[in-house]
Amino acid sequence: MKRNMQTITRYMVRAETLLEKFDNQTRGSWRDNPMLLCSWLTGLESSLAKNTWRQYKASLICYLEADGQEGVAAALKQLRTTRSLRQPNKTSNQKAKSISDKDLSLLEEQLIAHEGQYAGVTIAWLKAGILTGLRPSEWQHAVIKNNLLTVFNAKQTNDGACSKNRELDISELSEANKAIIIVLIKILQENFSSTHNTCRCLLYRNCRTLWPRRTKHITLYSARHQFAANAKSGGGKVEGVALMSHGSEETAGIHYGGVKGDEQLVEPAQKNIDIIEQRKLKQDIEAMH
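The model shown is predicted, which means the values in this text are computed figures rather than measured ones.

*Asks:* Explain helix α2 (residues 36-44) to me, using residue names and the numbers behind them.
*Replies:* Of the residues making up α2, those classed as buried are L37, C38, W40, L41 and L44. Here the buried residues of α2 occupy an arc of 170° about the axis, which is enough to place them on one side. Against the buried residues of α2 lie α1 (5-26), α3 (50-66) and α4 (70-77).

*Asks:* So, the pairing of strand β2 (residues 148-152): which residues are in play, and what are the values?
*Replies:* Judged from the three bridges that link them, strand β1 (residues 143-145) and β2 form a sheet pairing that is antiparallel. Along β2, the bridge assignment pairs K145 with L148. A loop of two residues connects β1 with β2, the two strands running antiparallel in sequence, and N146 in this loop sits at a positive phi of about 50°. Across five bridges, β2 lies against strand β3 (residues 165-169) in antiparallel orientation. Paired with L148 across the two strands is D169, which belongs to β3.

*Asks:* Explain the packing of aromatic side chains to me, using residue names and the numbers behind them.
*Replies:* Scanning all chains against the criterion turns up three aromatic pairs. When the centroid spacing of 6.3 Å and the interplanar angle of 75° are considered together, the rings of W30 and Y63 count as edge-to-face. With W30 in the loop between α1 and α2 and Y63 in helix α3, this residue pair connects regions lying 33 residues apart in the sequence. Using a relative accessible area of 5% as the deciding quantity, one classes W30 as buried. In this arrangement the basic side chain of R27 is found over the ring face of F152, its NZ or CZ atom lying 4.7 Å from the centre. For R208, the ring lying beneath its charged end belongs to Y204, and the centroid distance is 3.8 Å.

*Asks:* Lay out the packing of α1 against α2 in plain terms, naming residues and giving numbers.
*Replies:* Running from N to C, α1 and α2 cross one another at 95°; their axes reach a closest spacing of 12 Å. Put simply, α1 runs roughly perpendicular to α2. Here L18, L19, K21, F22 and Q25 of α1 come into contact with α2, specifically with L36, L37, W40 and L44. Its residues assigned to classes, the contact of α1 with α2 comprises seven nonpolar, one polar and one charged.

*Asks:* Report on the nonpolar core, specifying residues and quantitative values.
*Replies:* Core analysis: the largest hydrophobic core is formed by 37 residues, its most contacted members being L107, W125, L126, W139, L149, L184 and I218. Where this core is concerned, the elements lending two or more residues are α5 (101-114), α6 (117-132), β2, α7 (175-188), α8 (192-210) and α9 (222-231). Ranked by residue count, the leading element in this core is α6, at nine residues. Apart from residues lying up to four places away in sequence, L107 is in contact with I123, L126, L203, N206, C207, L210, W211 and I218. By size, the runner-up hydrophobic cluster in this structure holds 21 residues, among which are A15, L19, L48 and L64.

Definitions and cut-offs
- Residues numbered from 1 in each chain as written.
- Predicted model: local features only at pLDDT ≥ 70, side-chain atom pairs only at ≥ 80, totals over all residues.
- Heavy atoms only, no water.
- Buried < 20%, exposed > 50% of the residue type's maximum accessible area, 1.4 Å probe, protein only.
- Helix = DSSP H or I, 4+ residues; strand = E, 2+ residues; numbered from the N terminus.
- Arc of directions from axis to C-beta.
- Contact = heavy atoms within 4.5 Å.
- Pairing = 2+ DSSP bridges.
- Phe/Tyr/Trp six-rings, centres within 6.5 Å; stacked < 30°, edge-to-face > 60°.
- Lys NZ or Arg CZ within 6 Å of the ring centre and 35° of its normal.
- Axes fitted to C-alpha atoms, helices over the stretch in contact; angles between N-to-C directions.
- Parallel < 35°, antiparallel > 145°, perpendicular 65-115°, else oblique.
- Nonpolar A, V, L, I, M, F, W, Y, C, P; charged D, E, K, R; others polar.
- Core = buried A, V, L, I, M, F, W, Y, C linked by side-chain atoms within 4.5 Å.

Written out as structure tokens, the structure is:
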């Protein structure tokens, strides 16, 4: 099928964004091993709507053909989307912005009673997200050492994050909560894409079984929203930006869920706070001119 210039332009712009995302997630350059794009794109399938995945594939093929990467483009053309479980709707207005203790307890009972080995992983993911505020995708490359949780920030473009990485001090968490985080990281990094897809689908199915009349349901991302709500009750705006990896205090002020003030939170590393304060000072100086 012959593409018109408008379609080609749209594909090229989208492909550049995707390739930048690939480089950020793999911490390298796609040009070093372009065939890895095939497995990377396959890994994205579980978290995207079918049509979105196809658009990503078409965009990369268009870009690679123009770049002379005919072999990689041909390999991408052979990829086919396969879905064995019903996929969650991607619209954010159906995602709950908070997780109550009662709902979490009911969900845990439901999953353990009906869903087998992935029930524990799903609940652990929610609990760890409430404790740390990590985006679901950020667990894939998270590292924990000496009570410091190092996170490769998922949003780094257009000032979407305060820095490439953020460090969270988990020393004040209970040993039980630390264990949840450590074990979750180990499990997720063995096969992130498959585990992520399974946990999302379990939440989708069981939340609608428990609460069929609700219009907003718990997702893995809901845990981050709840963390943000908990963080409102302690610390200043700068600390909140460092914890959440937001690009500014204004972004960090967006409403999330209800506050649960008795939760024990992780703390941002001082170097992340320093980065944000330096950025704010620079912005204040620029605003004066």
